[in-house]
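Each chain, letter by letter, is given below.
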Amino acid sequence: MSHLDEVSSSSQTALDPQDEVRIVGQYYDDKTARLVRKYGPGPRIHYHVGYYPSSGAPLRPDDVTPDDIRRSIRLQQEGLLRYAAKIWGAEHRLSGRILDVGCGLGGGSLFWAQEYGADVTAVTNAPEHAPIVEGFAQECGVGERVRTLVCDAMHLPLDGPYDAAVAIESSGYFNRPQWFERLARVLRPGASVCIEEVFTTRPHGADVWAEYFYTKPATVLDYVEAAKSVGFELVDEVDATAETAPFWEESAAWTKAVLDSDNSLSAVDRRQLRISLMANQAQGAEWRAGGLRLGFLRFELK
């Protein structure tokens with residue numbers, strides 16, 4: 001059992017919700033340097049899969065450097081946000097006052113502010129990430145349009161109304177009924193909740209995801225039921241499992257290229273990278289087997 005398994009198991013059996021939130025925040029604080037190395041240098045750093053149209057192909061480590069692969073991953077991650085913007089109608093739904101819930105290092109927050117002029121509240125439960133996001137926002141010239149908020153997503157301050165909420169591969173960590181209940185109190189009527197997330201279709205898929213990411217993904221129906229109970233309606237659903245599957249091959253290729261080329265890695269670094277490599281390979285296999293799927297959901301508050 002890995003350390004992550006131990007944390008996940010204990011959170012399911014012994015931790016109260018506040019302790020679990022704290023551990024997740026610490027988990028991502030601890031990953032900051034590794035995230036910057038793989039997905040940086042910034043200012044728009046994303047921690048989610050990429051979108052690979054049919055004409056695209058992932059880079060492999062045979063004849064490219066880790067930096068080549070990193071740049072390709074970032075291009076496809078930006079492509080995922082541009083695809084999301086298209087299907088969600090970002091020009092009129094994500095151009096006002098929005099919540100970016102589970103903002104990571106702020107790549108999405110900066111994207112919505114720069115590309116669509118949104119006033120973004122970037123919500124994170126990883127305290128170390130807040131000043132990084134603020135620094136990147138200043139670097140991009142959108143410091144006045146991006147503010148950070150360190151809090152639990154289920155206890156968002158009642159300082160709305162907001163025009164929309166966005167969650168890019170973060171909502172899997174939330175208590176969905178509590179989250180939607182809170183969103184119903186901070187969003188205006190007619191506002192959208194736009195979710196890009198990994199969903200499960202069978203128990204093994206959920207276990208593979210939880211092995212590395214410390215949370216078991218839910219089904220689309222789980223989201224629909226939680227949202228409906230507080231007045232939200234699912235109005236749009238798009239599946240992009242096939243178009244995102246190549247991410248795992250490219251992510252694994254970056255890790256393998258670093259292991260093969262960087263002689264300065266410590267034993268601890270090498271162990272962490274090998275764990276990441278095995279996790280990426282397992283997730284890619286489950287993606288292709290149909291146990292995990294990638295979807296875009298949009299809910300409206302009635």
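In every chain, residue numbers begin from 1 and rise along the written sequence. In keeping with the model being predicted, local features are shown solely for residues with a pLDDT of at least 70 and side-chain atom pairs are shown and tallied solely at 80 or more, while totals for entire chains, interfaces and linings include all residues. Heavy atoms from the whole structure form the basis of all side-chain values; hydrogens and water molecules are not counted.

**Describing the overall build of the protein**
We apply this condition: Secondary structure elements follow DSSP: runs of H or I no shorter than four residues count as helices, runs of E no shorter than two count as strands, and numbering proceeds from the N terminus. For every residue, the accessible area (1.4 Å probe, protein chains only) is compared with the maximum for its type, and the residue is labelled buried under 20%, exposed over 50%, or partly exposed between those bounds. Computed with the Shrake-Rupley method and a 1.4 Å probe, the accessible areas treat only the protein chains shown as cover for residues.
Within the protein one finds 13 helices and seven strands. Going through the 302 residues of the protein one by one, you find that 55% of them count as buried. As displayed, the protein has an accessible area near 13,000 Å², and 51% of this comes from carbon and sulfur atoms.

**Focus on the side chain of Arg182**
Basically, it comes down to this: Only four residue types enter the charge count: Lys and Arg as positive, Asp and Glu as negative, with His and the chain ends excluded. Salt bridge criterion: a side-chain nitrogen from Lys or Arg within 4 Å of a carboxyl oxygen from Asp or Glu. Residue contacts are defined here by distance: any two heavy atoms, one from each residue, within 4.5 Å place the two residues in contact.
Structurally, the position occupied by Arg182 is in helix H8 (residues 176–186). With no salt bridge to any partner, buried Arg182 finds its closest opposite charge in Glu181, at an N-O distance of 5.2 Å. Apart from residues lying up to four places away in sequence, Arg182 is in contact with Met154, His155, Leu156 and Leu158.

**Notes on unusual backbone geometry**
With omega at 10 degrees, the peptide bond leading from Gly40 into Pro41 counts as cis. If you trace the backbone, Pro41 turns up in the loop between helix H3 (32–39) and helix H4 (66–88). Positive phi outside glycine occurs at Glu169, with the angle close to 50 degrees. The residue Glu169 is located in the loop between strand E4 (162–168) and H8 in this model. Residue classification places Glu169 among the buried residues on the basis of a relative accessible area of 16%. The phi angle at Tyr214 is positive, at roughly 65 degrees, despite the residue not being glycine.

**Observations regarding helix H7 (residues 129–140)**
Our working rule: For a helix, the expected span equals 1.5 Å multiplied by the residue count minus one. Here the arc refers to the set of directions running from the helix axis out to each C-beta atom.
Here H7 spans 17 Å end to end across twelve residues, near enough to the 16 Å set by a 1.5 Å rise per residue. When H7 is considered as a whole, its buried residues turn out to be His129, Ala130, Val133, Phe136, Ala137 and Cys140. All buried residues of H7 lie within an arc of 130 degrees about the axis, which places them on one face of the element. Turned more than 90 degrees off the buried face of H7, the exposed positions are Pro131, Gln138 and Glu139. Phi for Gly141, located one or two positions after H7, is positive at around 80 degrees.

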